[in-house]
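# Coordinate inspection notes
Read off the chains here:
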Amino acid sequence: MKTPQSPLAGNLEDLSLSTSLKDKLFIASQYLVPQHLLSRGIGAVASCEADWVKNPLIRGFIKQFDVNMDEAQRQNPEDFRCFNDFFTRELKDGARPVAHGDNMIVSPADGAVSQLGPIENGRIFQAKGQDYSLIELLGGDSERAAPFMGGEFSTIYLSPKDYHRVHMPVTGTLREMIYVPGDLFSVNQVTAENVPRLFSRNERVVAIFDTELGQMAMVLVGAMIVAAVETVWHGLVTPPKRELRVTSYPSPEPITIEKGEEMGRFLLGSTVVLCFEKGKMHWQDTLSAGSPLRMGESIAMTLE
């Protein structure tokens, strides 16, 4: 009789033969560590306001990741209430000019393009040999996903040194917010290439907006040690129970956020996935996987 394999063994067998031993060990550790417990513990340290904790932590992080503090409004570690306050630091006025033009769609964040392109057969390309379901990404509702079938997506990765506030690519009125519980795998090139359905299995906050281009989805994906996600209309998104939660925002009190205005932020970094309806826009020809981005620069043009 064949001995059943554990899920971990199956996932390791799926790894490419070209994956290095170091990467294989890193991926294996993602399955073994208590992801949420670890993230809560690091989140507690990141919110600690004791000088002897936060000041060395901030200094070490700036040095380790070569963070450009010249563009920040506050530049000294002592000026921040805690590490999270530093990580979500605001920039000086004018540090991120927003591209003019009603037909321009702008980057919602600093970071780099992980992938972008068409949503084909309800699937979104993740990395070589990996894709995932649009319906699953948006919380499992086929009606919610329907407007984006055959549309366009982009996945933007925020590295540790990046500015971690997320802004609107176009002006939009909030339709609904969906909290989707899930795993907390790291989100980087190694995990994208080797962890199936990475972005649709990690914990995330989905925001659906009505825009002049039709509906737009902004998905803020959590990751290992990402303590939480905040939005400007809700604050910290941490439901008391880790279960799917849908919040609708009907008129007559609409929440409208202008292009370039902040819509949320990560307490420790992660990934944003954008989805647009079919035939409404096209990505700039200069963009491809790996292209660096700065919040506010043009990443696409409308077709209307």
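Here the structure is shown first, and the text comes after it.
Now for a description of the structure that goes with this document. (Residues numbered from 1 in each chain as written. Predicted model: local features only at pLDDT ≥ 70, side-chain atom pairs only at ≥ 80, totals over all residues. Heavy atoms only, no water.)

## Comments concerning the overall build of the chain
- Of the regular secondary structure elements, the chain holds nine helices and 18 strands.
- Buried residues in the chain amount to 52% of all 304 residues.
- Taking the intrachain contacts of the chain between residues at least 6 apart in sequence as the baseline, contacts between residues at least 24 apart amount to 75%.
- In the structure as shown, the chain presents an accessible area of about 14400 Å², 52% of it carried by carbon and sulfur atoms. (Helix = DSSP H or I, 4+ residues; strand = E, 2+ residues; numbered from the N terminus. Buried < 20%, exposed > 50% of the residue type's maximum accessible area, 1.4 Å probe, protein only. Contact = heavy atoms within 4.5 Å. Areas by Shrake-Rupley, 256 points an atom, 1.4 Å probe, with all protein chains shown as cover.)

## With respect to the pattern of salt bridges
- Following the criterion strictly, the structure yields 14 salt bridges and no others.
- Salt-bridge contacts for R197 lead to E136; the nearest nitrogen and oxygen are separated by 2.7 Å. Separated by 61 residues along the polypeptide, R197 in the loop between α8 (189–194) and α9 (198–201) and E136 in helix α6 (residues 134–137) bring together distant segments of the chain.
- For R197, a relative accessible area of 32% corresponds to the partly exposed category.
- As a salt-bridge pair, R175 and D210 come within 2.8 Å of each other at their nearest N and O atoms. Note that R175 is positioned in strand β7 (residues 172–180) and D210 in strand β8 (residues 204–211), a separation of 35 residues in sequence.
- For R175, a relative accessible area of 36% gives the class partly exposed.
- The exposure class of D210 is partly exposed, given its relative accessible area of 32%.
- One salt-bridge network, in which partners are shared between bridges, spans E71, R96 and D110. (Salt bridge = Lys/Arg side-chain N within 4 Å of Asp/Glu carboxyl O.)

## Description of the sheet that holds strand β18 (residues 298–302)
- The sheet built from three strands is open, its strands ordered β1-β18-β16 with antiparallel pairing. Because the sheet does not close on itself, it has two edges, and the strands there are β1 (104–106) and β16 (281–283). Sheet twist, expressed as the average angle between the axes of neighbouring strands with direction ignored, equals 30°.
- Pairing between β1 and β18: three bridges, direction antiparallel. (Pairing = 2+ DSSP bridges. Axes fitted to C-alpha atoms, helices over the stretch in contact; angles between N-to-C directions.)

## Points about the nonpolar core
- By size, the foremost hydrophobic cluster in this structure holds 35 residues, and its most contacted members are I105, F209, M218, W233, M263, F276 and I299.
- Apart from the residues lying within four places of it in its own chain, the contact partners of I299 are I105, V106, S107, P108, L274, W283, Q284, L287 and L293.
- Counting 26 residues, the second largest nonpolar core, distinct from the first, contains A127, L134, V187 and C275. (Core = buried A, V, L, I, M, F, W, Y, C linked by side-chain atoms within 4.5 Å.)

## Topic: the environment of L198
- If you trace the backbone, L198 turns up in helix α9.
- Taking the C-alpha atoms as reference, L198 lies 9.9 Å from N188; in sequence the two are ten residues apart.
- Excluding anything up to four places from it in sequence, L198 contacts Q126, F185, S186, V187, T191 and A192.

## Digging into the pairing of β18
- Most of β18 is tucked away: five of the five residues are buried.
- Here three bridges tie β16 to β18, and the two strands are oriented antiparallel to one another. Bridged to W283 within β18 is A300.

## A word on the sheet that holds strand β14 (residues 262–267)
- Read from one edge to the other, the open sheet built from four strands follows the order β6-β14-β10-β11, with strand pairing classed as antiparallel. In this open sheet, the two edge strands, each paired with only one partner strand, are β6 (165–167) and β11 (235–236).
- Direction of pairing for β6 relative to β14: antiparallel, over a ladder of three bridges. Its bridge partner being in β14, R165 is matched across the sheet by R265.

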